[in-house]
Amino acid sequence: MLKIEDLHHVSIAVVDVERSRAFYKSILALDQIERPDFDFPGVWFRLGSRQAHLVQHLDAKTLRGTCEIDSRDGHLALRVSSYRETLEHRIRLVVPFLDRPVNPAPWPRIYITDPDGNVIELNAAALD
């Protein structure tokens, strides 16, 4: 019988690895980790006890083709320690965002996109 133990990593298709590396390091403040020497460009980041693998794939079917923020589209959701500090950080960095402090879910949410249009939800346990 199949028994899933945990989520290990999420793979995210990108067009330009260096541009995406800069975004995930500076905007999301993720720590880059070592990546094996695959035969295609990419970069790996730590996500708490998990990982995000950015993979350069120019013909990926998952690329949305837009940076328009659509909260119903497939997305990666990251828990942040402070909703208000995250919101202030996004505003300071002039990153377009969609703010959903009150919504049917029991947590406040902020949506952004990376340079390739991958939607990222930043959520917190509470409005603080």
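Here's what I pulled together on the structure shown here. (Residues numbered from 1 in each chain as written. Predicted model: local features only at pLDDT ≥ 70, side-chain atom pairs only at ≥ 80, totals over all residues. Heavy atoms only, no water.)

So, on to the pattern of salt bridges. Taken as a whole, this structure holds four salt bridges when the rule is applied. A salt bridge links Arg21 to Glu18; its shortest N-O distance comes to 2.6 Å. One end of the pair is Arg21 and the other is Glu18, both in helix H1 (residues 17–26) and three residues apart, which spans about a single turn. A salt bridge links Asp116 to Arg19; the nearest nitrogen and oxygen atoms lie 2.7 Å apart. A residue pair is termed long-range when its members are at least 10 positions apart, and Asp116 in the loop between strand E7 (109–113) and strand E8 (119–123) and Arg19 in helix H1 qualify at 97 residues. (Salt bridge = Lys/Arg side-chain N within 4 Å of Asp/Glu carboxyl O. Helix = DSSP H or I, 4+ residues; strand = E, 2+ residues; numbered from the N terminus.)

Here the focus is the sheet that holds E8. An order of E5-E8-E7-E6 is seen for the four strands of this open sheet, with the pairing classed as mixed. The open sheet terminates on both sides in strands that have one partner only, identified here as strand E5 (75–79) and strand E6 (98–100). Going from strand to strand, the sheet's axes swing by 20 degrees on average, the running direction of each strand aside. Where E7 lies against E8, five bridges are found, and the strand directions are antiparallel. Bridging from a neighbouring strand, Ile110 pairs with Leu122 of E8. Set on the sheet, helix H2 (residues 83–92) makes contact with E6, E7 and E8; between it and E7 the angle comes to about 30 degrees. (Pairing = 2+ DSSP bridges. Axes fitted to C-alpha atoms, helices over the stretch in contact; angles between N-to-C directions. Contact = heavy atoms within 4.5 Å.)

What follows concerns the packing of aromatic side chains. All chains considered together, the criterion is met by four aromatic pairs. Both rings, one in Tyr24 and one in Phe45, keep their centres 6.0 Å apart while their planes meet at 25 degrees; by these two values the pair is stacked. With Tyr24 in helix H1 and Phe45 in strand E3 (residues 42–47), the pair connects residues that are 21 residues apart, well separated along the chain. Taking 5.3 Å as the distance between ring centres and 20 degrees as the angle between the ring planes, the aromatic pair formed by Phe38 and Phe40 counts as stacked. Taken together through their ring pairs, the aromatic side chains of Phe23, Tyr24 and Phe45 make up a single cluster. (Phe/Tyr/Trp six-rings, centres within 6.5 Å; stacked < 30°, edge-to-face > 60°.)

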